[in-house]
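Below, each chain spelled out in residue letters.
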Amino acid sequence: MKSCNSDCCVPCEADIVAIVDKCGRTECNLIPILHELQRSFGYISDEAMETVAAELGITVSQVHGTATFYTLLYTRPQGKNIIKICDSPPCHLQGSKAIQAAITKALGIEPGETTLDGNFTFEVVSCMGLCGVAPAIMVNDDVYGNLTAEAIPEILDKYAACSCCCGEGC
Amino acid sequence: MAFYRAHILVDTGTAAVLKGANALRTALVDEIKRKGLDKEIKVVETGALGLAGAVPAIVVYPEGVTYANVTVDDVAEIVEEHLLKGRQVSRLVYKGDTPSVIKSAENCRSAEMRVVLKNIGVIDPTSIDEYIAMGGYEATAKALTTMSPQEVIAEIKASGLTGRGGAGFPTGLKWDFTAKADGDQKYIICNADEGEPGNFKDRLIMEGDPHQIIEGMIIAAYAVGAQKGYIYIRGEYQQSVANTERALDVAREMGLLGSDIMGSGLSFDIEVFKGAGAYICGEETALLASLEGQRGESRMKPPFPPTHGLFGMPTVINNVETLANVPHIIVNGADWYSNIGTQKSKGTKIFSPCGDVQYPGVYEVPFGSTLREVIFGMAGGIKSGKKFKAVLMGGPSGVLVGEEALDRSLCSEDLNPGAGALIVLDETKCVVDLIKNCAQFFAHESCGQCTPCREGTKRMVEFFNWWTAGAGSEQDLKLLDQLATTMALTSKCGLGQFAGVAFKSSIPLFEEEYLAHLVDKRCPAGICEMDKVEEEVRV
Amino acid sequence: MDNINVSIDGIQVSIPKGSTVLDAARAAGIYIPTLCHMDGHKPLGACRVCLVEIEGGRGALQASCSFPAADGMVVRTNSRRVHNARKAVVELMLSAHRQDCNACNRTLNCELQDIAKRLGIRENRFEGEMPPRIMDTSSPSIVRDSSKCILCRRCVEVCQNVQTVGTLFAVDRGFDTVIAPTAKKELTEAVCVACGQCVLACPVGALYEKSHIDRVWEAIDDPDKHVIVQTAPAVRVAIGEEFGLPAGSRVTKKMVAGLRRIGFDKVFDTDFTADLTILEEGTEFLGRLKNNGTLPMLTSCSPGWINFIEYFYPELLPNLSTCKSPQQMFGALAKTYYAEKMGVKPEDIYSVSIMPCTAKKLEAGREEMSVVNGLHDVDAVLTTREAAQMMREAGVDFVNLPDEPFDEPLGIATGAAVIFGATGGVMEAALRTVYEVVTGETLENVNFEAVRGLEGVKEAVVKIGDIEAKVAVASGLSNARKLMDLIMEGKADYHFIEIMCCPGGCLGGGGQPIPTNDEVRKARMEAIYAEDEGLPIRKSHENPAIRTLYEEFLGEPNSHKAHQLLHTHYTPKALWPTDVPLDEVKTK
């Protein structure tokens, strides 16, 4: 990790230190720091954890052990869009399994997997508090409730990787 | 606050935004202004109304008329016809099932007793002025300027307020412990890590009326002598985080947080702490560990948080709903409050019926209301004309009850409501499948620290996997019962202690259904696969 | 102090306020099984085998290791309810524990096995899928077998808090939880100093030393090999425990006999090179004092400590004595001086050491530890436990062995060398020699009590001629860290510091018999000082064999030849990925 002078998208040490400074240099800010790292870089890399540990004066294993405890923190790269499907009782009773199957059919990936183009990661999560509109999924921060399997392709289309020239997936 | 004769709720849920809801909102505001109605009619953004296929949608109050598939081109007509002339634009009126969110607001206004929810859907959650106009921060003023901390605690004690997170510990007593504990620094923590499946009341309060919580925390801080507060909101609740943070900023700007609040000498500020995805952090000691930057693993009790909490300091940890009750008690008095509810359960309770009910939603009723009143009276009974089968009280960590319980009253002396979730099953659902799903939830959420919970939740899932694959045996039922008992007796914290409760409660009610799976290798509801034999599944 | 009265199974005990229910039970002479509990450490209450019933308690049983005893409390530890609960918990634990007990190195010394036996477990009601097995054999010192791990986290406690190395921690959650080196790397890829304190802490067979037993048997069976063995000072006061003798039994001469029985050609003593270390290190220290060299000088006998300073305080490497450890001095001499003397080719000598240590295995494998043609100076390192195992395999009846002396000349040593096995011993031995060398006077009392004992950090000021030598001694890496931080902050004005990696020094090393706890450490320490008292010569510079060595071979201390053979250099190690230059790493 050398210092960074371009618009690189991998975390460089200065960026990480800036995040630590922003959140506060104490152990109790570890989770806010990890949230921020993920927001900036999509996931929390081993290198980022090492820098955070050094900055906070705690062990890397502690940072890593803490990060891996929480399901919303990713220590490995994820797809550009993260689809979360709830399979807790309220959603389960309303047919979340069928929704799950529809997503798998649409994207060709099982929960826990990422599409080859890196556009989607699909995961089954515990209750998201959307029981009033069960079955529900979240795509990134967007909520979709009262779902039917038929609605899935249209929803996913909104997040489809673009095929235009920019190559950015706009 | 200006009083508006009408409110227009604009669904700005994601699906709606993708179809142009923001442009619609702007057009509405402009058109209303153009017609000179902006002093009379207010446009309010709201979350998804649950009209997935019919967005953008708006609801016009007080009539409660829903317009679906509204476009910018329809705005002039709606304003002209409905708002000016009072004639509904029938071609746009939504004709499907009334969406649950709206229905829940209308259906049972009369039967509900809205104390904590009184502002929800009525005021703009981003406006402190509207909150104040509805009597907000009156309680803070009263407590901080006319009452001593001891008087505040006495009032809360006298009100009979108990914790609304499920455990039901007397709030005043908890505050008293912290007030009397030694500590240079004391903390107030609002537990907004609402993770128990089926519960979404705290989300509604945070999104719809966040100042109530802030007020409750300020009063608590004053009562116990705390300087710092945290609202621990689960990471999944982005909107709650945003609304609460916005409310905190405004409160801070107005001097309701910070130093010497209202000249009382109280210096107190609140921070939002965003959880990172762990149900266990709803357990108070795990929440503390998480706040301290650690794995959310529960800690030994005793000592308890009121005396040895965050960073070892005296700490009050209260649920969102509990804190939201506090301002109302201070304003209206303990007598008023303790007259609501039953002998042992005072005040109101928010329920969130969901599952196979017509109108899943959030309803506030006095303690002592019957299960039937909530499920059939408010949530509209079972949807699609099916029959009621059972309800999981409070969520996966609660008990399963059947029809015989419908007329029991919801209070600590009869049917304990837990945190308020009512997960309802209709006659077509399989109890074994439901309890299996609960077991999977606990296995996913066990922190892995103590043996009985770590291994026990895993083994529970395995038993259910065997049973629903057709590889069960009759004696398994006894073994799993022993396992559930062990977990209840030996687990370090509530997660493991309660993980087997739903299962145990379901055996006497639905033993035949279990035996059908275990002995006849058949799922009466036709839900479980039952497609394997013992040798294929069990090692 | 205020006492409280507690009733345990009907027995009344009076115990100090602040005690736990477990303390109370022990005071009443009642056994309660424990697994995650370690005396002197904060209770975790994770394993749930120490459950008891508190009268008036709400339903659930309580973990006695952490539940505070209160006046008038009535506790039941032996009800059916308690027994059944404990039994079920242990069944659950066993359901995720690989039970190839006969093939496990901890069999018959396994806390889980012992508890399962006490509870009368004959079958397991809750068998199911096992977690995936991670066998990490990457480290030269320590093997980690996750399939045995019961997640009690005792290793985490010692690694994070006692040693502050921070290698091991809990990763992931629920059934997937594993105790793993940082980022689930292999041990060699993580920062691990190989101290083996985790091995001592482990109640089961999830952590153990990388065995050298097979290669030693192979060498012994090879008629072309001349197999010699050296034994570290701390081994002789501990190995008896492996054969059922009480902690601290002095069995030096039985040990020698036992090693001969299993076929070593010569049985020597690391104490010989401990004496040599004193002469080399003492001379180096005086040189630094005289020539304004880097002070404080830090001792270098403990390989876990060397790993630690290379990782965590590379700036302080110049403070480290350049002396090799006694093990490596011995190895170097074995293949030079001894080979010449015996007329054996160095490559035909197979040099084995018996060490109380796991880090010594790593040390022996360091590439700079080779003085002759790329041969390892030390070919195999056995822990105390492995040495005992070889004796068991060879059918040695240890307790009834006759006393036999070490072989000469590398078996001749002084009391100053024996005390290397206890924290403060190197310092004391050095002071005995430096004092007499500098002042030319004879010490009246050779015992330097101020540097003795189990405390983590000890200090003393010793007047040596016109020098007021300020010395410090630390054992356990958290204590070492305290002193290093003081030096880094410029707040330490010590001249000489002894550091031992393991709490209590080598007598509490990661290769010692299990259990090793404070009580055991204390007994071993007493035995070490008794060995010292019992020896005719108690100062290193008076060791006649060492004098001969200098006369015949090395010349004088710190001579060119001594430097070639007995001194070494150190390499800073990166804590972070290798693409980060070290100076950037340590600038915080």
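Residues numbered from 1 in each chain as written. Chains lettered and ligands numbered in written order. Predicted model: local features only at pLDDT ≥ 70, side-chain atom pairs only at ≥ 80, totals over all residues. Heavy atoms only, no water.

Chemist: Explain the environment of C:Q62 here, please?
Modeler: Looking at where C:Q62 falls in the secondary structure, it is placed in strand β4 (residues 62-63). Assessed through its relative accessible area of 21%, C:Q62 is described here as partly exposed. Considered as a pair, C:Q62 and C:C301 are 239 residues apart in the sequence and their alpha carbons are 45 Å apart. Residue contacts for C:Q62: discarding those within four places in its chain leaves B:K301, C:C50, C:L51, C:V52, C:I54 and C:F67. (Helix = DSSP H or I, 4+ residues; strand = E, 2+ residues; numbered from the N terminus. Buried < 20%, exposed > 50% of the residue type's maximum accessible area, 1.4 Å probe, protein only. Contact = heavy atoms within 4.5 Å.)

Chemist: Could you clarify how one ought to interpret the pairing of strand β18 (residues 496-500) of chain C in this entry?
Modeler: The side chains of a regular strand alternate, residue by residue, between the two faces of the sheet. Residue and element names in this part refer to chain C. Summarising burial for β18: five of the five residues are buried, a large majority. Bridge count between strand β13 (residues 297-298) and β18: two bridges; the pairing is parallel. Across the sheet, residue L298 finds its bridge partner in β18, namely I497. Taken together, strand β17 (residues 467-475), helix α15 (residues 477-488) and β18 form a β-α-β motif whose crossover is right-handed. (Pairing = 2+ DSSP bridges. Right-handed = clockwise from strand over helix to strand, strands pointing away.)

Chemist: Please clarify how the sheet that holds strand β2 (residues 113-114) of chain A should be interpreted in this entry.
Modeler: To summarise the sheet geometry, strands pair through backbone hydrogen bonds and adopt either a parallel or an antiparallel arrangement. Residues and elements named next belong to chain A. Strand order in the open sheet made by the five strands is β2-β3-β1-β4-β5, with mixed pairing throughout. Each having just a single partner strand, β2 and β5 (142-144) make up the two edges of the open sheet. As paired strands, β2 and strand β3 (residues 120-125) are joined by two bridges and run antiparallel to one another. The partner of E113 across the bridge, within β3, is F122. Taken strand by strand, helix α6 (residues 96-107) contacts β1 (81-86), β3 and β4 (137-139), and its axis lies near 155 degrees from that of β1. (Axes fitted to C-alpha atoms, helices over the stretch in contact; angles between N-to-C directions.)

Chemist: Would you mind showing me how to read unusual backbone geometry here?
Modeler: A cis geometry characterises the amide bond from B:K301 onward to B:P302, with omega recorded as -5 degrees. Relative to the assigned elements, B:P302 resides in the loop between α12 (284-291) and β9 (315-319). Look at B:D260: it is not a glycine, yet its phi comes out positive at around 45 degrees. Turning to its location among the elements, B:D260 is positioned in strand β7 (residues 258-261). The phi dihedral of C:D9 is positive, around 50 degrees, even though this residue is not glycine.

Chemist: Can you help me understand the sheet that holds strand β12 (residues 266-269) of chain C in this one?
Modeler: Residues and elements named next belong to chain C. Pairing within the open sheet is parallel, and its four strands lie in the order β12-β11-β14-β15. With partners counted over all chains shown, the strands left at the sheet margins are β12 and β15 (380-383), one partner each. Sheet twist, expressed as the average angle between the axes of neighbouring strands with direction ignored, equals 25 degrees. Relative to β12, strand β11 (residues 226-231) runs parallel, the two sharing four bridges. From the neighbouring strand, T231 faces β12, where its bridge partner is D269.

Chemist: Can you walk me through the interface of chain A and chain B in this structure?
Modeler: The accessible area lost on association of the parts is a frequent measure of interface size. Every contact between the two is made by 38 residues of chain A and, on the other side, 55 residues of chain B. Across the chain A to chain B interface the summed buried area is about 3,500 Å²; carbon plus sulfur atoms make up 59%. Three residues stand out in chain A for area buried against chain B, namely A:F69, A:P89 and A:L93, and they jointly supply 18% of the buried area on that side. There are zero salt bridges connecting chain A and chain B. On the surface where chain A and chain B come into contact, there are 19 residue pairs in polar contact (both at pLDDT 80 or more). Elements with a contribution of two residues or more to the side of chain A that touches chain B: α2 (30-41), α4 (60-67), α5 (89-93) and β5 of chain A. Across the side of chain A that touches chain B, the residue classes tally to 19 nonpolar, 13 polar and six charged. (Buried area = accessible area lost by both parts, 1.4 Å probe. Salt bridge = Lys/Arg side-chain N within 4 Å of Asp/Glu carboxyl O. Polar contact = N/O pair within 3.5 Å; in protein donor to acceptor, adjacent residues only side chain to side chain. Nonpolar A, V, L, I, M, F, W, Y, C, P; charged D, E, K, R; others polar.)

Chemist: Explain the confidence of the model for chain A here, please?
Modeler: Atom-level detail of predicted coordinates should not be read off regions where pLDDT is low. Summary statistics for chain A give a mean pLDDT of 88 and a share of 88% for residues scoring 70 or more. Per-residue pLDDT stays below 50 along residues 1-8 of chain A; that stretch engages in 13 contacts with residues further than four places along the chain or on separate chains. (pLDDT = per-residue confidence, 0-100.)

Chemist: Where do I start with helix α2 (residues 21-34) of chain B in this structure?
Modeler: Note that an α-helix has 3.6 residues per turn; residues three or four places apart therefore point the same way. All names here are of chain B. With 14 residues, α2 should cover 20 Å at 1.5 Å per step; its first-to-last C-alpha distance of 20 Å lies within 8% of that length. Within α2 the residues assigned to the buried category are A21, L24, A27, L28, E31 and I32. Looking straight down α2, one finds that the buried residues subtend no more than 125 degrees of arc, so they occupy a single side. Facing away from the buried side of α2 by over 90 degrees, the exposed positions are K33 and R34. After α2 finishes, the residue G36 shows a positive phi value of roughly 70 degrees. (Expected span 1.5 Å × (residues − 1). Arc of directions from axis to C-beta.)

Chemist: Please clarify how the pattern of salt bridges should be interpreted in this entry.
Modeler: Two side chains that carry opposite charge are able to pair once their charged atoms sit near each other. Counted according to the given criterion, the structure contains 84 salt bridges over all chains. Two residues, B:K201 and B:D202, come together in a salt bridge whose shortest N-O distance is 2.8 Å. Grouping residues by exposure puts B:K201 and B:D202 together as buried. Of the charged contacts in the structure, one is a salt bridge between C:R366 and C:E310, with a shortest N-O distance of 2.7 Å.

Chemist: I would appreciate a short explanation of the packing of helix α7 (residues 149-159) of chain B against helix α10 (residues 210-224) of chain B in the present structure.
Modeler: Helix-helix packing: each pair is described by the crossing angle between the helix axes and the interaxial distance. Residue and element names in this part refer to chain B. At a closest axis distance of 7 Å, the pairing of α7 and α10 adopts a crossing angle of 120 degrees. On the basis of the axis angle, α7 is oblique to α10. In this structure, the crossing between α7 and α10 has a hand that is left-handed. Contact residues: P149, V152 and I153 in α7; I219, Y222 and A223 in α10. Split into classes, the residues belonging to the contact of α7 with α10 amount to six nonpolar, no polar and no charged. (Parallel < 35°, antiparallel > 145°, perpendicular 65-115°, else oblique. Left-handed = near helix turned anticlockwise from the far one by under 90°.)

Chemist: Got a minute to help me understand the nonpolar core in this structure?
Modeler: Judged by nonpolar contacts, the single largest core of 146 residues is most densely connected at A:L37, B:V152, B:W175, B:F268, B:F464, B:W467 and B:F503. Setting aside its immediate chain neighbours within four residues, B:W467 contacts B:G472, B:D476, B:L477, B:L480, B:F503, B:Y514, B:H517, B:L518 and B:M530. Counting 71 residues, the second largest nonpolar core, distinct from the first, contains C:M93, C:A206, C:Y570 and C:L575. (Core = buried A, V, L, I, M, F, W, Y, C linked by side-chain atoms within 4.5 Å.)

Chemist: Would you mind going over the confidence of the model for chain B with me for this structure?
Modeler: Here chain B shows a mean pLDDT of 91. Residues at 70 or above account for 94%. The complex prediction reports pTM at 0.91, with the ipTM value standing at 0.93.

Chemist: Would you explain the domain arrangement of chain B in this entry?
Modeler: Residues and elements named next belong to chain B. When the domains of chain B are assigned, the result is domain 1 (6-92), domain 2 (128-338), domain 3 (348-426) and domain 4 (431-536). A C-alpha centroid distance of 23 Å is found between domain 3 and domain 4. With 12 residues of domain 3 at the contact, the number on the domain 4 side is 13 residues. When domain 3 packs against domain 4, close to 990 Å² is buried across both sides, 77% of that on carbon and sulfur atoms. In this structure, K389 engages E513 in a salt bridge whose closest nitrogen and oxygen atoms are separated by 2.9 Å. (Domains from an automatic or database assignment.)

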